[in-house]
Amino acid sequence: MIGGLAGAFGGGALAGKASSAVMDHFIEDDAEQMCHIIEQELLALTEEHLVTQNELKTIVERLGSSLTAKTLKDMYASSDRQTFARKLLLPMFKAVEKERKPIHIPNAKYWQRSMELVLEQLNRETSVHV
């Protein structure tokens, strides 16, 4: 009787370890699947936001420090994993964009003066060779 109980507990513990190993494998596979989806969305957002290599490095570093097992589990439970990944990544892209130096587009007066200078230079070069 005692041997039978000990065997049952031992077998139960062994079964628990075996089922835990199987669950760890499934969880690992699920985590890899979630990371693959995040990677796909990361690539898509990189193209959409015209991210530089340095900006992408910053985003990946921020993602690495914020991505947790809980986040991956929440994503796995989500009905739309791509949207979940996009919502996870988008604030990181917005933050990097805010760090960019603004680009100033020259006004019409600047373009006109630039064209005048180019035409004057061309005129001087052609009149010397004539």
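What you are looking at is a predicted structure, and each value in this text was computed from that prediction instead of being measured.

Draft legend 1. Region of the structure containing the overall build of the chain. The helix and strand tally for the chain stands at five helices and zero strands. Starting at the N terminus and walking to the C terminus, you meet the elements of the chain as α-α-α-α-α. Considering only contacts in the chain between residues 6 or more positions apart, those separated by 24 or more positions represent 78%.

Draft legend 2. Molecular detail of helix α4 (residues 81-98). For α4, with 18 residues, the first-to-last C-alpha span of 26 Å sits near the 26 Å given by 1.5 Å per residue. The principal kink in α4, of about 30°, is found at leucine 89, preceding the proline proline 91 by one to four residues. Every buried residue of α4 is listed here: Ala85, Leu88, Leu89, Met92, Phe93 and Val96.

Draft legend 3. Layout of the packing of aromatic side chains. A full pass over the atoms with the stated rule returns one aromatic pair. Their ring planes at 75° and their centres at 5.9 Å tell us that tyrosine 110 and tryptophan 111 sit as a pair that is edge-to-face. The aromatic ring of tyrosine 76 is capped on one face by arginine 81, whose charged end is 4.5 Å from the ring centroid.

Draft legend 4. Representation of the confidence of the model for the chain in the model. When pLDDT is averaged across the chain, the result is 80; 78% of the residues are at 70 or more. Of all the helices and strands in the chain, helix α1 (residues 2-48) carries the lowest mean pLDDT, 64, while α4 carries the highest, 96.

Draft legend 5. Representation of a nonpolar patch on the surface in the model. Together, Val118, Leu119 and Leu122 give the surface a local cluster of nonpolar side chains, amounting to about 270 Å² of exposed area. Here valine 118 shows up in helix α5 (residues 108-129). Here valine 118 falls in the partly exposed class, since its relative accessible area comes to 44%.

Draft legend 6. Just helix α3 (residues 69-77), in detail. Taken together, the buried positions of α3 are occupied by Thr71, Leu72 and Met75. Angularly, the buried residues of α3 cover 100° about the axis, an arc narrow enough to put them on a single face. Across from the buried face of α3, at angles greater than 90 degrees, the exposed residues are Ala69, Lys70, Lys73 and Ala77.

Conventions adopted
Residues numbered from 1 in each chain as written. Predicted model: local features only at pLDDT ≥ 70, side-chain atom pairs only at ≥ 80, totals over all residues. Heavy atoms only, no water. Helix = DSSP H or I, 4+ residues; strand = E, 2+ residues; numbered from the N terminus. Contact = heavy atoms within 4.5 Å. Expected span 1.5 Å × (residues − 1). Bend = angle between axes of the 7 residues up to and from the residue. Buried < 20%, exposed > 50% of the residue type's maximum accessible area, 1.4 Å probe, protein only. Phe/Tyr/Trp six-rings, centres within 6.5 Å; stacked < 30°, edge-to-face > 60°. Lys NZ or Arg CZ within 6 Å of the ring centre and 35° of its normal. pLDDT = per-residue confidence, 0-100. Patch = residues over 30% accessible without salt bridge, like charges linked within 9 Å, V, L, I, M, F, W, Y side chains within 5 Å. Areas by Shrake-Rupley, 256 points an atom, 1.4 Å probe, with all protein chains shown as cover. Salt bridge = Lys/Arg side-chain N within 4 Å of Asp/Glu carboxyl O. Arc of directions from axis to C-beta.

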